[in-house]
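# Architecture at a glance
This is what each chain is made of:
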Amino acid sequence: MNKKIRLVHSIHFKIPMLFILLLLVSLQLIGAYFIRELETKMISNFDSQMSLNAGFLEKTLQPTLMDDDAEQLEVSVQTILSDFTGANILETQVMDEQGYIIGINDQTLQSLIGTKSTDRDVQQVILLDAPSSYQYVKEDTNSRVLKIISPIYSTDNTGTLIGVLVMESNIESVYSQMSQTVSIFLNASVVAIIITIVLAVIISRGLTRPISEMRRQTANIADGDYSGKVTVYGADELGELAETINDLSYKVKDAQETTESERQRLDSVLRHMTDGVLATDRRGKIIIINSRAMDLLSISQDRAIGQSIMKVLKLGEKFTFRQLLETQDELILNIPTDDQDTILRGEFSVIQRESGFISGLVCVLSDITEQEKVEQERRSFVSNVSHELRTPLTSVKSYTESLIDGAWEDKEIAPEFLKVISTETDRMIRMITDLLNLSRMDQGKQELNLEFVSINELVAHIIDRFEMVLKSEQYRNKKYKIERDFTQRTLWVEIDQDKFIQVIDNIMNNAIKYSPDGGKITCRLMETHNSIVISITDEGLGIPRKDIGHVFDRFYRVDKARARSMGGTGLGLAISKEVVQLHGGKIWVTSVENKGSTFFISLPYIPMDEEDEWG
Ligand code: ADP
């Protein structure tokens, strides 16, 4: 995010560069124009000044040259020349109209007087009869010189050529003046550039500092740090931008906080939901899973996140993810889990934006095992009741029909038939009574008529009764033996006597019923530190392992035909269980098939001290 900007790309560099370039360009243009103009002007000034000088000298020489006295002429010219002095004038020579030197101001060159000038310029002026002037570099001094060669004419009417004036002047001073001016200009330019650089750096600083600060702050906002503030340096555009960024920072922070609190709220809702929740992205990969869903699916968060929902819910064989998405309505599925007993319901809904873009799927899982079990029990209960009532009713109906059809006249068959009808009706009445009892207990309407009873005496009394029954005609030829193994201590418990007798009766009855070949029935009465346990063991058919867990279920019978033929309703143990549970106790069975079974009943018991007992 905080990428370093290279110096050459930074405004810090660009602004001073721009200033300097602009300045250089303008200095170049101004300098070139100014220096050229200055040079032209100064040289033309020098030129005209020298021309004036030459003109003046010409005028002075004219009368002298017109004089015919040759000897006098040279002296006069020499005098004029030596008298004539002017700034920058180097050399003056005067020639006659044929080019013979008449006078020369340089004392060292006096020997040349009287000789013909070798100067080609002089020859040219005499020939062309026109003045000439030009600049050249003098070889011996290596300095620039302005040479004026001017014809001198007579002052009379003829205006004939009477001589030639050569005047050399040192123009170097003009150039040195020029170079001085140029150097002043250059110095001033350098100073201007330095001032410009300093100013440009200050200005660019003024620009870049707020910009860098804003850049830093926006980077911080992007990183989630809203604490900083950009300093507003002025009321210009940058100042406004800084204010906007501060405002933006505040708004983003606000929005972020709202999002965060929303997220936390969602998180806590999800965490505390009793339903499992899964959310996926649009490819079906899980992105959210709450702890309830993790429990229900026995999967850890690490393993679930990023996994395909199809895999986690084991839907691969039944559906494709596309089918799940296309199902606009909620869909209810039974999802198998590792634990076979758990039935889950998944409700799916698609997360769709207004544009129609599907961004994911939400699945709410609920554990409907209990619900399903209850529903299943209800269904089987209804079918069991109908079936159980149908069988005796069918036989009652068929016997009645036989009687109607004439069997009533048969003195032998008729009483038999009526007996069967009576037995079946009894069974139905018993069953309905049992069902009513159960239903009353289910609704919590059954109240216990509690009283303190010596359980030793109660159980002994029941067994006495059974011993009497076993001695009767019906069981005489079967060898049943009842053994008692009672604790010596008298155990007083608070129970509903009638109902408890029903329970023991039922278990004793079963012990006899399901021991068709007779055998020993042992009844024990034991005491533990906080309960009493009654157990009844027989040596009968026993209960197959797979059925043991169900014998206390309503209408459950191991061998339906046999049990029914023995007159059972299949409700005895279910009622026993309810009664024992109403007393706060437990009932359970251990059994080995073909060896026998032991039914246990435990009741909560607080031993009473002798004093309490009799006090
Ligand atoms: P039922 O009226 O059929 O006896 P119960 O509820 O009393 O109904 O018993 C349920 C089932 O448990 C019986 O049908 C029988 O298969 C089994 N059962 C109960 N007691 C014994 C026992 N002592 N030995 C073997 N099986 C038994």
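Thresholds, definitions, all that
- Residues numbered from 1 in each chain as written.
- Predicted model: local features only at pLDDT ≥ 70, side-chain atom pairs only at ≥ 80, totals over all residues.
- Heavy atoms only, no water.
- UniProt positions renumbered as here; feature names shortened; annotations may be inferred.
- Phe/Tyr/Trp six-rings, centres within 6.5 Å; stacked < 30°, edge-to-face > 60°.
- Lys NZ or Arg CZ within 6 Å of the ring centre and 35° of its normal.
- Near = heavy atom within 4 Å.
- Polar contact = N/O pair within 3.5 Å; in protein donor to acceptor, adjacent residues only side chain to side chain.
- Helix = DSSP H or I, 4+ residues; strand = E, 2+ residues; numbered from the N terminus.
- Nonpolar A, V, L, I, M, F, W, Y, C, P; charged D, E, K, R; others polar.
- Pairing = 2+ DSSP bridges.
- Axes fitted to C-alpha atoms, helices over the stretch in contact; angles between N-to-C directions.
- Contact = heavy atoms within 4.5 Å.
- Core = buried A, V, L, I, M, F, W, Y, C linked by side-chain atoms within 4.5 Å.
- Buried < 20%, exposed > 50% of the residue type's maximum accessible area, 1.4 Å probe, protein only.
- Domains from an automatic or database assignment.
- Salt bridge = Lys/Arg side-chain N within 4 Å of Asp/Glu carboxyl O.

In the annotation of an unreviewed UniProt entry, the chain is listed under the name histidine kinase and assigned to Trichococcus shcherbakoviae subsp. psychrophilus. Taken from UniProt, the Subcellular location (unreviewed entry) comment for the chain reads in full: "Membrane".

Attention now goes to the packing of aromatic side chains. Per the stated rule, a full pass over the model turns up eight aromatic pairs. The cationic tip of Arg144 hangs over the ring face of Tyr175; the distance from NZ or CZ to the ring centre is 3.6 Å.

Turning our attention to the site of the ligand. Near the ligand you find 21 residues, and of these Asn510, Tyr514, Asp538, Thr569 and Leu573 are the closest. Within the backbone of Gly572, an N or O atom sits 3.4 Å from an oxygen atom of the ligand. Here an oxygen atom of the ligand and a backbone polar atom of Leu573 are 2.8 Å apart. Elements that contribute at least two residues to the shell around the ligand include exactly helix H13 (497–513), helix H16 (572–582) and strand S17 (596–604). No other element matches H13, which puts four residues into the shell around the ligand. In the shell around the ligand, the residues fall into ten nonpolar, eight polar and three charged.

Each strand in a sheet pairs with its neighbour through backbone hydrogen bonds, running either in the same direction (parallel) or in the opposite one (antiparallel). The strand order across the open sheet formed by five strands is S2-S1-S5-S4-S3, and the pairing between neighbours is antiparallel. Bordering the open sheet on either side are strand S2 (101–104) and strand S3 (132–138), each of which pairs with just one other strand. Across this sheet, the average inter-strand angle for adjacent strands is 20°, counted without regard to direction. Running over the sheet, helix H4 (residues 172–222) touches S3, strand S4 (143–153) and strand S5 (161–170) and is turned about 140° from S4.

Looking now at the nonpolar core. Residues Ile455, Phe500 and Ile601 are the most contacted members of the largest nonpolar core, which totals 59 residues. In terms of domain composition, this core takes at least three residues from each of domain 3 (373–442) and domain 4 (450–613). Ile80, Leu146, Met167 and Tyr175 belong to the second largest nonpolar core, which has 31 residues in total.

For the rest of this paragraph, the subject is the pattern of salt bridges. Going through the model one piece at a time under the given rule, you end up with 27 salt bridges. Notably, a salt bridge pairs Asp505 with Arg465, separated by 3.1 Å at the nearest N-O pair. You can see Asp505 sitting in helix H13 and its partner Arg465 sitting in helix H12 (residues 455–470), a full 40 residues away along the chain. Given the relative accessible area of 36%, Arg465 is considered partly exposed. With a shortest N-O distance of 3.4 Å, Arg524 and Asp485 are connected by a salt bridge.

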